[in-house]
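# Structure assessment
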Amino acid sequence: MGGDPMRGGLPGGPDTTDTRPGAEQRPAGTPKAVWIVWALLGLNTLGSAGAKTIVTLPRSLIQMATMGALVSAFALALMLNLRLRIRASAFVFLLTLLLVPSVISSVNLEVGFGALFRCARLALFIGTLWLLSRWWDGSLRFVRYHIRMYFAALGSVAAGLAISPGTAMPEYYGGRLVGALWPLTPPQIGQYSAVIIGLTVLLLLGRQTTGAGAAVIIVPTFVLLAMTHTRTAMLGLLIGLALAIGSLVLTSAAARRFFAWAVLCATVAAVAFASALQAWFMRGQSKENFSNLTGRAKVWDALLAEPRTIQEKVFGVGLGDKSFGGLPIDNSWLAVYNEQGLLGVALVAAILIVLGGVALLRPPSLQRACAIFLISYVAISSYTEAGLGDASPYLLHLALAASLLAAPAGATPLTTPAVPRRRIPRWDRNREVI
């Protein structure tokens, strides 16, 4: 297999236009540095708090690296798009509107000066997406960027596991896999793994990569996902893939075969390995602990019972660290309600509704299936994970979905040059043509 496994060994480099029926069209005008901008955005959303690493990294140093990545991404995107050419995007427009309640609630400094810093970070994140929207043309280019970026992050997790298994699977996380080189939590690793697996499976069904290339990505990534014991990521992967493949069933024989085999294998696995699957899913927790979602329900009840002024209900208390009473909220809707109020909740809901509506209105295609998978995964994860109201991997997943749903830029019609009219002498204009 030659070249990048995610390209299926297609010759010609990343900007070659493939003229085969159904193949992805890659305009030659897309700079290769766009991939660097996307990777820097991903680095910014990795976060600075998590597990203990082999070499202790000061949180201030990690924050400097992540914030520096965002500033660099914005600066590089601006250099690539000096003429500020952008495409109309309802997704980025709604994100821009989300800045309004964020700033209004943060200027009160109820949660400290960090709220204004997070507002600036969100503004830079949105500004970079506006600059990148110029190259959102409905192609699969950004899907490959996404897979490479998070596969590299998982590579650091695998390296940490190989170097120090005890640090990578600590007891204080219940033996779940964490990042031993970069402080990544099990839910983060599970999220990246699920998204990579889902997108790679869809690329394989769309014949955009080879079976060997897909196996190189899927097999080790699934092992890492299983080692995290992340239930939300696993459910999001299964449900998201079911919806995405279901959107291809009527138009793709490969999707129909894969769906049939997946249902058969899932049924056999559920019967043969029922006890093992139940043990993996329960993670050694009691039924009471499982029923209140590992303590999340108690935090949610306390947050909803907190007295609030009218302004706090409408605009929130300001961008914070997605916690309440010192405990993580772990719910995107409640986190947005707490920080950006009911206005923020309405805008986040509008983002998901608009993206989902556009995806349903698009004709069946591989791009549409990838977008449906991403939107479904984010919607499912929003129940037990926070991040839809701030710069996060979840917003980056939705940005990828928006790029896939963007209509291809219309080709400029060829204009026929005007043929100069032959001047006819006045004395010859009235001559009869024989």
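These numbers were taken from a predicted model, which means no experiment stands behind them.

## Considering the overall build of the protein
- Scanning the protein for helices and strands turns up 17 helices and two strands.
- Each of the 434 residues in the protein was classed as buried or not, and the buried ones make up 46%.
- Counting contacts in the protein only where the partners sit at least 6 residues apart, residues at least 24 apart contribute 75% of the total.

## With respect to the side chain of His146
- If you trace the backbone, His146 turns up in helix 5 (residues 141-163).
- According to the relative accessible area criterion, His146 is buried, its value standing at 1%.
- Separated by 3.1 Å, the side chains of His146 and Trp38 make a polar contact.
- Setting aside anything within four residues of it in sequence, one finds His146 in contact with Trp38, Val195, Leu199, Leu396, His397 and Leu400.

## Some points on the confidence of the model for the protein
- Per-residue pLDDT for the protein averages 84, and the proportion of residues at 70 or more is 84%.
- Taken together, the stretch residues 8-28 has pLDDT below 50 and engages in 41 contacts with residues farther than four places along the chain or on a different chain.
- Across residues 411-418 the pLDDT falls below 50, and counting only partners more than four positions away or on other chains, this stretch makes zero contacts in the model.

## Let's talk about a nonpolar patch on the surface
- On the surface, Val103, Val107, Leu109, Phe113 and Leu116 cluster together into a nonpolar patch covering about 440 Å² of accessible area.
- Structurally, Val107 can be placed in the loop between helix 3 (90-106) and helix 4 (114-132).
- For Val107, a relative accessible area of 49% gives the class partly exposed.

## Looking at empty space enclosed by the protein
- This structure, assessed with the given rule, holds two cavities of 30 Å³ or more.
- Along the walls of the second largest cavity sit Pro187, Gln191, Thr230, Thr232, Ala233, Tyr377, Ser381, Glu385 and Tyr394, which together make up its complete lining.
- Among the secondary structure elements, those contributing two or more residues to the lining of the second largest cavity are helix 7 (186-205), helix 9 (231-246) and helix 16 (366-381).
- Looking at the lining of the second largest cavity, its residues break down into four nonpolar, four polar and one charged.

## Re helix 4
- Between its first and last C-alpha, helix 4 extends 27 Å over 19 residues, near the 27 Å set by a 1.5 Å rise per residue.
- Listed in full, the buried residues belonging to helix 4 are Ala115, Cys119, Arg121, Leu122, Phe125, Ile126, Gly127, Thr128, Leu129, Leu131 and Leu132.
- Check the buried side of helix 4 and you find it contacts helix 1 (34-44), helix 2 (59-80), helix 3 and helix 17 (393-405).

## So, the nonpolar core
- In this structure, Trp38, Phe91, Leu129 and Leu398 are the most contacted members of the largest nonpolar core, which totals 99 residues.
- Setting aside chain neighbours within four positions, we find Leu129 in contact with Trp38, Leu41, Phe91, Val92, Leu95, Trp136 and Ala399.
- Core analysis: the second largest hydrophobic core is formed by eight residues, Trp300, Phe324, Ala335 and Tyr337 among them.

## Remarks on the side chain of Ser102
- The topology assignment puts Ser102 in helix 3.
- When near neighbours in sequence (up to four residues on either side) are disregarded, Ser102 contacts Cys119, Leu122, Leu319 and Gln340.

## Digging into the packing of helix 5 against helix 8 (residues 211-228)
- Where helix 5 contacts helix 8, the axes come no closer than 11 Å and their chain directions differ by 55°. The orientation of helix 5 relative to helix 8 falls into the category oblique. Note on packing geometry: the crossing formed by helix 5 with helix 8 is left-handed. For the pair helix 5 and helix 8, the contacting residues are Ile147, Phe151, Leu154 and Leu161 in the first and Val216, Ile217, Thr221, Leu224 and Met227 in the second.
- In terms of residue class, the contact of helix 5 with helix 8 is built from eight nonpolar, one polar and no charged.

## Structural notes on the packing of helix 2 against helix 4
- Two elements in contact, helix 2 and helix 4, have axes whose closest approach is 9 Å; the angle formed by their N-to-C orientations is 35°. The way helix 2 lies across helix 4 gives a crossing that is left-handed. Contacts between helix 2 and helix 4 involve Met67, Leu70, Val71, Ala73, Phe74, Ala77 and Leu78 from the former and Phe117, Arg121, Leu124, Phe125, Gly127, Thr128 and Leu131 from the latter.
- Here the residues of the contact of helix 2 with helix 4 are counted per class, giving 11 nonpolar, two polar and one charged.

## Looking at helix 1
- Taken together, the buried positions of helix 1 are Val34, Val37, Trp38, Leu40, Leu41, Gly42 and Asn44.
- Where helix 1 is buried, its residues touch helix 2, helix 4, helix 5 and helix 17.

## Describing unusual backbone geometry
- A positive phi angle, close to 60°, is found at Arg207, a residue other than glycine.
- Mapped onto the elements of the fold, Arg207 is located in the loop between helix 7 and helix 8.
- One non-glycine residue, Asp330, lies in positive phi territory at about 55°.

## Regarding the packing of aromatic side chains
- Evaluated as defined, the whole model comprises seven aromatic pairs.
- Measuring from ring centre to ring centre gives 4.5 Å for Tyr150 and Tyr192, while their planes differ by 20°; the resulting arrangement is stacked. Pair noted here: Tyr150 is in helix 5 and Tyr192 is in helix 7, with a separation of 42 residues, a long-range link. The same class applies to Tyr150 as to Tyr192, namely buried.
- Arranged with centres 6.3 Å apart and planes meeting at 35°, the rings of Phe373 and Tyr377 form a pair that is tilted. Here Tyr377 and Phe373 lie together in helix 16, a separation of four residues that amounts to about one turn. A single burial state applies to Phe373 and to Tyr377, both of which are buried.
- In this structure an aromatic cluster arises from ring pairing among Trp35, Trp38, Phe142 and Tyr145.
- Lying over the aromatic face of Tyr172, Lys52 brings its terminal NZ or CZ to 5.7 Å of the ring centre.

Scoring rules and cut-offs
- Residues numbered from 1 in each chain as written.
- Predicted model: local features only at pLDDT ≥ 70, side-chain atom pairs only at ≥ 80, totals over all residues.
- Heavy atoms only, no water.
- Helix = DSSP H or I, 4+ residues; strand = E, 2+ residues; numbered from the N terminus.
- Buried < 20%, exposed > 50% of the residue type's maximum accessible area, 1.4 Å probe, protein only.
- Contact = heavy atoms within 4.5 Å.
- Polar contact = N/O pair within 3.5 Å; in protein donor to acceptor, adjacent residues only side chain to side chain.
- pLDDT = per-residue confidence, 0-100.
- Patch = residues over 30% accessible without salt bridge, like charges linked within 9 Å, V, L, I, M, F, W, Y side chains within 5 Å.
- Areas by Shrake-Rupley, 256 points an atom, 1.4 Å probe, with all protein chains shown as cover.
- Salt bridge = Lys/Arg side-chain N within 4 Å of Asp/Glu carboxyl O.
- 1 Å grid on protein atoms, 1.4 Å probe; cavity = no way out; pocket = protein on both sides within 12 Å on 5 of 7 lines; lining within 4 Å.
- Points joined across faces, edges and corners; volume = space filled by probe spheres on them.
- Nonpolar A, V, L, I, M, F, W, Y, C, P; charged D, E, K, R; others polar.
- Expected span 1.5 Å × (residues − 1).
- Core = buried A, V, L, I, M, F, W, Y, C linked by side-chain atoms within 4.5 Å.
- Axes fitted to C-alpha atoms, helices over the stretch in contact; angles between N-to-C directions.
- Parallel < 35°, antiparallel > 145°, perpendicular 65-115°, else oblique.
- Left-handed = near helix turned anticlockwise from the far one by under 90°.
- Phe/Tyr/Trp six-rings, centres within 6.5 Å; stacked < 30°, edge-to-face > 60°.
- Lys NZ or Arg CZ within 6 Å of the ring centre and 35° of its normal.

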